[in-house]
Amino acid sequence: MKKSEFEYDVIVVGAGHAGCEAAHAAARLGSRTLLITMNMNTIGQMSCNPAVGGIAKGQIVREIDALGGKMGEVTDRTAIQFRMLNRSKGPAMWSPRSQSDRKRFIEQWVETLTGTDNLHIWQDTVCELILRDGAVCGVRTMLGIEMSARAVVLTNGTFLNGLMHIGPTQVQGGRTAEPASYGLTEQLRSLGFRTDRMKTGTPARIDRRSIDFNALQEQPGDPDWHHFSYLPEATRRLKQMSCWITYTNERTHETLRGGLKDSPLFNGQIQSIGPRYCPSIETKIVTFADKPAHQLFLEPEGVDSNEYYVNGFSSSLPWQVQLDGLRTVPGLEHVVMYRPGYAIEYDFFDPTQLHHTLETRLVKHLFFAGQINGTTGYEEAAGQGLVAGINAHQAVHDLPAFTMGRDESYIGVLIDDLICKGVDEPYRMFTSRAEHRILLRQDNADQRLTPRAIELGMADSHRREVFAEKQAAIARIEAYLNETLIKSADISAWLEQQGTGGLQHSVRLRELVTRPQIMIQALATAVPGLQTLLDEINNEEAIEETEIQIKYEGYILRERQAAEKLQRLNRIPLPENYDYNQLQSLSTEARQKLNRIQPRTISQASRIPGVSPNDVSVLLVMMGR
């Protein structure tokens, strides 16, 4: 190839979930983009369980889709089971989750990326960054090729100096049967970056033909219309499959305890930070020694695969101990294992070294996204990748930076937590991390973020049309409910059948929808005019969102008011590169943290651990407030 063919606007290193979204976003916006991956056959690989979404994670995927990212579409088109979690709770807690066909998930991502204009793919390993005058200007690969770029996004996942553990056995690699990446950590550390090690793990994979399903509890998916993407054509196409539930027992725990002396987690072999919220099975039996059983989910890997994933049985114990332990579990007495679980240690970088754009503070136009920032999970990685890819494009074309507030998206909460608080364990998103979660529901991600996608250029004409149609549908439904009066005689008997009181006088239909027992589509069966309207609109997304907005109007209004109060602090800027040691009224810890993180606003400073309300008052005085 000619040298000119290796000149790009943006280079993305790593083709996991962060890398795929970053590369697609930069190219979609018009940057000449290169995605470099060690293996083109594992683009978008689901390294752990074959599922997307879950509590708070599902909201992130909906936000990615609303912004024009691709994870939601890819997931819908490869789904083999869909469930809306937490339906028994309020809509702020509803979280979509989908099992995907692992092989087809990769194929769909490859099809998506190869069909994206301005995007090129190269199979190689990046060993070194090329720097000039404090900015990144390219990469050097294992093949000795120098590639120039005006911005580089690192999304290396678990590959930086990756080391896998199965009992006493240690294997260098970033994922089973794939090599680790060397050189980048050492170069970045020499430039002053703070780095450390983290640990994650994965369970054994087992053969479906060796499972006794008669001893298991079936968990089918939801048969309704819900899916991840706001695009109506991104629907489930594959055969739908069930997951299965079983439990460990005292025999299981006794078997596993017998192998703890050879567990890397307990014999000192692993020293790095592991995930609190997704612990290994050996950690569970030690930490929760009083629990007689732990739930396991058997998840299918695909419609044409015999491989099952044992969710809840992540382990780095010796393979024989893992197998013996599994064979004590009901339904798995004769199980055959494809491969054992393992733990993996890898390098990450302190995310407080980043701006909210995910550009590094030390090297201009160098961006980090995904597990390199200390997070865990496909969804957290993909959300960061999308933001990094957008901002890489914006930076090289001298366009405004793209950031999101904590009241605007879960992705905004995620990035703000990383930059302001750092991490002391692999970061996982939960609904409890979002103080404005009633505003950040999964149903309204498009209302919050698609206007921004349109402004950026991430939303194509079809997405703009779909969004406009939904907005119009919501307006029509609300207008009908607001304007239509219903007489007591026409509806009271039906209301009593629904378990709610009848009427004493005529009311507008909107007032009936505020009742917990009354759903719009059910009400339409008693109000022919409403049924005619809903049939004409034919948009379940619009109906559901209208209903939520009406039922929770008071809560939503109060939450918006609270968010606006906090936004006032966010509008008070702090000086860049300020020496907080000058402010002796601040606590010592506050001075140290503020000097290291350099928050841009009073609001960001207030969220830094160790910065007290008194310290915030000092900063407000400094800013003349």
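Scroll up to find the structure this text is about.
Residues numbered from 1 in each chain as written. Predicted model: local features only at pLDDT ≥ 70, side-chain atom pairs only at ≥ 80, totals over all residues. Heavy atoms only, no water.

A. Main features of the packing of helix α9 (residues 378-396) against helix α10 (residues 410-421). The N-to-C vectors of α9 and α10 enclose an angle of 85°; their axes lie 10 Å apart at closest approach. In this view, α9 runs roughly perpendicular relative to α10, as classed from their interaxial angle. Here E380, G383, Q384 and V387 of α9 lie close against α10, whose contacting residues are I411, L414, I415 and L418. Considered class by class, the residues forming the contact of α9 with α10 number 5 nonpolar, 2 polar and 1 charged. (Axes fitted to C-alpha atoms, helices over the stretch in contact; angles between N-to-C directions. Helix = DSSP H or I, 4+ residues; strand = E, 2+ residues; numbered from the N terminus. Parallel < 35°, antiparallel > 145°, perpendicular 65-115°, else oblique. Contact = heavy atoms within 4.5 Å. Nonpolar A, V, L, I, M, F, W, Y, C, P; charged D, E, K, R; others polar.)

B. Broad picture of the pattern of salt bridges. What the rule picks out here adds up to 35 salt bridges. Its salt-bridge partner being R452, residue E408 comes within 3.0 Å of it at the nearest N-O pair. Separated by 44 residues along the polypeptide, E408 in the loop between α9 and α10 and R452 in helix α11 (residues 445-456) bring together distant segments of the chain. A salt bridge links E541 to K470; its shortest N-O distance comes to 3.8 Å. Taken together, the positions of E541 in helix α17 (residues 540-551) and K470 in helix α12 (residues 461-483) put the pair 71 residues apart, joining distant regions of the chain. Neither residue differs from the other here; E541 and K470 are each classed as buried. If you follow the salt bridges from partner to partner, you end up with R406, D416, D417, K421, E435 and R607 in one network. (Salt bridge = Lys/Arg side-chain N within 4 Å of Asp/Glu carboxyl O. Buried < 20%, exposed > 50% of the residue type's maximum accessible area, 1.4 Å probe, protein only.)

C. Molecular detail of unusual backbone geometry. A positive phi angle, close to 75°, is found at N118, a residue other than glycine. Inspection of the secondary structure puts N118 in the loop between α4 (102-114) and β6 (119-123).

D. Geometry of the nonpolar core. I11, V152, L154 and L366 are the most contacted members of the largest nonpolar core, which totals 119 residues. Per-element accounting of this core gives the leading share, 10 residues, to α9. Non-local contacts of L154, meaning those with residues more than four positions away in its chain, are made with V13, L129, L184, L188, L366, F367, F368, A369 and I372. Membership of the second largest hydrophobic core comes to 25 residues, among which are L503, I518, V527 and L533. (Core = buried A, V, L, I, M, F, W, Y, C linked by side-chain atoms within 4.5 Å.)

E. Examining the packing of aromatic side chains more closely. Here the structure, examined in full by the defined rule, presents 9 aromatic pairs. Relative to W122, the ring of F6 has its centre 5.3 Å away and its plane inclined at 85°; by these criteria the two rings are edge-to-face. Linking F6 in the segment before β1 (7-13) with W122 in strand β6, this pair joins segments that are 116 residues apart in sequence. W122 shares its class with F6; the two are buried. Taking the centre distance of 4.9 Å and the plane angle of 70° together, the rings of Y578 and Y580 count as edge-to-face. Residues Y578 and Y580 agree in their burial class; the two are buried. Grouped by ring-pair contacts, the aromatic residues F193, F349 and F368 constitute a single cluster. In this structure, R62 packs its charged tip against the face of Y230, placed 3.9 Å from the ring centre. (Phe/Tyr/Trp six-rings, centres within 6.5 Å; stacked < 30°, edge-to-face > 60°. Lys NZ or Arg CZ within 6 Å of the ring centre and 35° of its normal.)

F. A look at the sheet that holds strand β5 (residues 95-100). In spatial order, the strands read β3-β5-β4; together these 3 strands make up an open sheet with antiparallel pairing. The strands lining the two open edges of the sheet, one partner per strand, are β3 (51-53) and β4 (79-85). In this sheet, adjacent strand axes meet at a mean angle of 15° when their direction is disregarded. Here 6 bridges tie β4 to β5, and the two strands are oriented antiparallel to one another. Residue F82 lies in a different strand from β5, and its bridge partner there is S98. (Pairing = 2+ DSSP bridges.)

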